[in-house]
Amino acid sequence: MERRNFLRAGATLGVAGLAGCTGLFETTSANSPPPVVEDRPDAAYYPTHIEGHAKPSMAEDGRLRVALMYSYPHRFWTITGADTNKVSIQSEDDAHLMATIWDSETMTVLPTANVSAEISKDGETVDTRDFWPMLSQNMGYHFGDNVGLDGDGTYTASLDVGSMQARGLGDLAGAFEDGTTIEIEFEYSEADKNEIMYEELSDQQGQEGAVEPMEMEMMPVSSVPAASDLPGTVIGEGTSGDARFVVATANESPEFVGDDETYLVVSPRTPHNSYPLPFMSVSATLSRDGEAVFDDSLDAGISPEFGYHYGAAVDGVESGDELAITPGSPPQVSRHEGYETAFLSFEEMTLTA
Amino acid sequence: MDDTGRLTRRQFAKAAVAIGGASALSACLDRSGGPDLPQGSDDLAALPDRQHAWNEFLATDDHGNDVAPRHHVLLFLDYASEGSPTDDDRETAESAFESLERAYPRSHDSDGETRVGLVFTVGYSPAYFERFDADLPGSVDLPEPKALASFENPDLDAQDAVVHLASDYPEVVLAAEEALLGDQSELNGVEMAADLSGIFERAERRTGFVGDGLPAENQDVRGVPDSEPISEDAPLYMGFKSGFRKSQATEERVTIQGGPFAGGTTLHASRIRLQLRQWYEQDSRSQRVGKMFCPVHADENLVEGAGDNLGDTALMDEKGCPAHASDDARTKGMVGHSQKSARAREDGSPIILRRDFDSTDDGEAGLHFVALQREISDFVATREAMNGEDLAEESAALGQKNNNGILQYMDVLRRGNFLVPPRDLRTLPEPNPE
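Rules of the game
Residues numbered from 1 in each chain as written. Chains lettered and ligands numbered in written order. Predicted model: local features only at pLDDT ≥ 70, side-chain atom pairs only at ≥ 80, totals over all residues. Helix = DSSP H or I, 4+ residues; strand = E, 2+ residues; numbered from the N terminus. Expected span 1.5 Å × (residues − 1). Buried ≥ 20, exposed ≤ 12 C-beta atoms within 10 Å, placed from the backbone. Contact = placed C-beta atoms within 7 Å. Nonpolar A, V, L, I, M, F, W, Y, C, P; charged D, E, K, R; others polar. Domains from an automatic or database assignment. Core = buried A, V, L, I, M, F, W, Y, C linked by C-beta atoms within 7 Å. Pairing = 2+ DSSP bridges. Axes fitted to C-alpha atoms, helices over the stretch in contact; angles between N-to-C directions.

## Describing helix α12 (residues 376–387) of chain B
Residues spaced three or four apart along an α-helix face the same direction, because each turn holds 3.6 residues. Residue and element names in this part refer to chain B. Compared with the 16 Å implied by 1.5 Å per residue over 12 residues, the 16 Å span of α12 between its first and last C-alpha is a close match. For α12, the set of buried residues is I376, D378, F379, T382, R383, A385, M386 and N387. With its phi angle positive at about 60°, G388 sits one or two positions after the end of α12.

Spelled out as structure tokens, the structure:
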């Protein structure tokens, strides 16, 4: 009997019936979590449960740092266009593997284009796949997937880390333009996995909000600065699809911006945790006295100061200019629970400078 | 398997191709007694000049699409001696190839259906032509193989030659391979006049299959989930039909037009590992259709099952897919595989002829992507279109691999380029024949 059915049956038994069978309720666990909340808001919401992860294994290549860690297999949602698909935990899945990639000099999480993994044990290939780019409430932007392993032991993950798929600015200009291959060894044991924190959020589940970012030693989180901390002039802020879009011009223009131009920055972020929303398309139209002086799609950019954002060189922003921000495609990142109903459809936002 | 847990005859026969060798063949023949095939041609002069002229021998389906032979072996060979080949070796090897042609018909009629007996091509690599002082003529475009995307790192094939053997009968490709290598002196009642032993050494063999039902029967491999998701009507592991008439170049389009190798073609062989757990367990049907064909195919639900309903066209131009690739990348953050590849067409027609097949080599789901084209640069152009790096650069939403067709599910392990000369030059050719 599924838990939900049992609850219904239990209800007819009344309180006395329930009191005698609390043990039977403990059928949910990390490997078979409670069902997804039924009435989910079209916004970031508290998932049914949170999970920790095993101690990360680290590797480096020049400035590039990779942390690989595992947790219980997760359910998550893939996305193609605006078409999401719930990925259920399969019987073959032993763990959810996650990789976070960052720059050691600026401690910036990198919007790497792709990470493919070949996982082996004792020289035998166990699994090969491309990790999904993912967004989770406690880790932000990372790469990961559920994988099947071959029992306890020492594994080697050979990770092909692709080039950065965003224009590097500031101390990231010209960095990480080529991909690289990194090997990471990690220990896996079922017993250790079962020690990983798992907590159900029975009281909060389904409510708008998000669990806090996980404190991680030695590694940065992908969150972007608060609007007031951006090194520029904030023009305004819009909200659509539950994302906040902070719009600013940079105080210091990147190299590719002409002398009489200004770098326009649009920084969409999740509510609550301020994670950037990568792999989305954003267009901007800047109008002055009713005439469009800029009308184009923005390029993805990454800088230590602005974090991940979308930007373009514009012919200055003057007081009274009207700026329309139009998100196109939703962020093409797989969603961990609590983000799968948010950031899917957007309206145009209009700001006046 | 049957209910006693033993392999059925059909399952055994196809597993035998992957295993290979005399014992697999004899076990295969013991079980099946071998197919009942007429012998091949007495009049070798009447055979087509083009080695790659297979289409006239293939069955066609209800929509006029050519149906590929079901069983394949790619036999990679190294010339056994130093330096350039001798005339003696050339005569002996040619005699071996002619024996194959005498032994099996290209195709025959079996209960009213056209079935392929044996078709094959022999091709030579740039490394082979390095054995000569002279260079290939400018009419042949045969560069060394190389990686064709920023995210791939293939090993590059440098064997001297490749023989592509194909048949609707697993026993035939196996027996032809054995006979060529000198392990069997008689083939379908025809005495082998010669074999390749001492002239060539086998460097590698790759095997596989294509056609309805075969991927489903062969899905117990790494790379395919245990849930056995591949349907009986799928001709390829990814579940969809390919080789629509309108998605294939004609043999004429891929044929070298001038110079000493006029009538020949070039062959690119890549070995691709398929990673289909995500494809089948994590993508929905509509996501798969969109990624394989084009977003509009998913939106309008244009593909039924493996896509037989599409007839002889993947509906690329009809639905404006190549023209919309840029828009789709920006507004949807995704593009389809066929949609991207169709951008490489010339006057609306494809420039490569796919002769690819799936594989269980090394116990993993694989694809041996054999493609014929007039010039290797035609393949490179098609692959670049399929990579969609230009689209990913234009659109912040489209990943280099993520939602960029089916790139995420494929890992290119090897690439090789070969010249397939016309039939009269197929054996150990010189780079500048008279």
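That shown, we press on.
## Side note on the environment of L398 of chain B
All names here are of chain B. Within the element layout of this structure, L398 appears in the loop between α13 (389–394) and β14 (410–420). The class of L398 is buried, set by 30 C-beta atoms lying within 10 Å. Distance from L398 to A27, taken between C-alpha atoms, is 51 Å for residues 371 residues apart in sequence. Contacts of L398, omitting those with residues within four sequence positions, involve A329, G333, M334, V335, L391, A392, N403 and N404.

## Examining the interface of chain B and chain A
Listed by partner, the interface residues are 33 residues for chain B and 30 residues for chain A. Elements represented by at least two residues in the side of chain B that touches chain A include exactly α7 (277–281), α8 (285–292) and α10 (321–331) of chain B. The element contributing the most residues to the side of chain B that touches chain A is α8 of chain B, with 4 residues. By residue class, the composition of the side of chain B that touches chain A is 7 nonpolar, 16 polar and 10 charged.

## Examining the domain arrangement of chain A
All names here are of chain A. Domain boundaries assigned for chain A yield domain 1 (1–30), domain 2 (31–200) and domain 3 (227–352). Relative to domain 3, the C-alpha centre of domain 2 lies at a distance of 27 Å. At the junction of the two partners, domain 2 supplies 41 residues and domain 3 supplies 34 residues. Looking at the side of domain 2 that touches domain 3, the elements with two or more residues in it are β4 (76–80), β10 (132–136), β11 (140–147) and β13 (167–168). The leading source of residues in the side of domain 2 that touches domain 3 is β10, at 5 residues. For the side of domain 2 that touches domain 3, a count of residues per class yields 23 nonpolar, 13 polar and 5 charged.

## Quick look at the nonpolar core
The nonpolar side chains of a soluble globular protein tend to be buried with one another. In this structure, V163, L165, A176 and L276 of chain B are the most contacted members of the largest nonpolar core, which totals 108 residues. Take this core: its biggest share by element is 7 residues, from helix α5 (residues 170–180) of chain B. The contact partners of L276 of chain B, leaving out residues within four places of it in the chain, are G223, V224, Y237, M238, A365 and Y409 of chain B. Listed in part, the 93 residues of the second largest apolar core include M139, V147, A300 and L323 of chain A.

## What to know about the pairing of β14 of chain B
Residue and element names in this part refer to chain B. Most of β14 sits out of view: 9 of its 11 residues are buried. Sheet topology note: the strand β5 (residues 155–156)/β14 ladder contains 2 bridges and is parallel. Residue pairing for β14: D155 is matched across the bridge by R414. With 10 bridges joining them, strand β10 (residues 265–274) and β14 adopt antiparallel strand pairing. Opposite T265, over in β14, you have V420 as the bridge partner.

## A look at the sheet that holds strand β9 (residues 124–130) of chain A
Residues and elements named next belong to chain A. Here we have 4 strands laid out as an open sheet, ordered β9-β8-β12-β14, and antiparallel in their pairing. Strands at the two margins of the open sheet, each flanked by one partner only, are β9 and β14 (180–188). Across the sheet, the mean angle from the axis of one strand to that of its neighbour is 20°, orientation sign disregarded. Sheet analysis places strand β8 (residues 115–121) next to strand β12 (residues 153–161), joined by 7 bridges and oriented antiparallel. Opposite S116, over in β12, you have D160 as the bridge partner.

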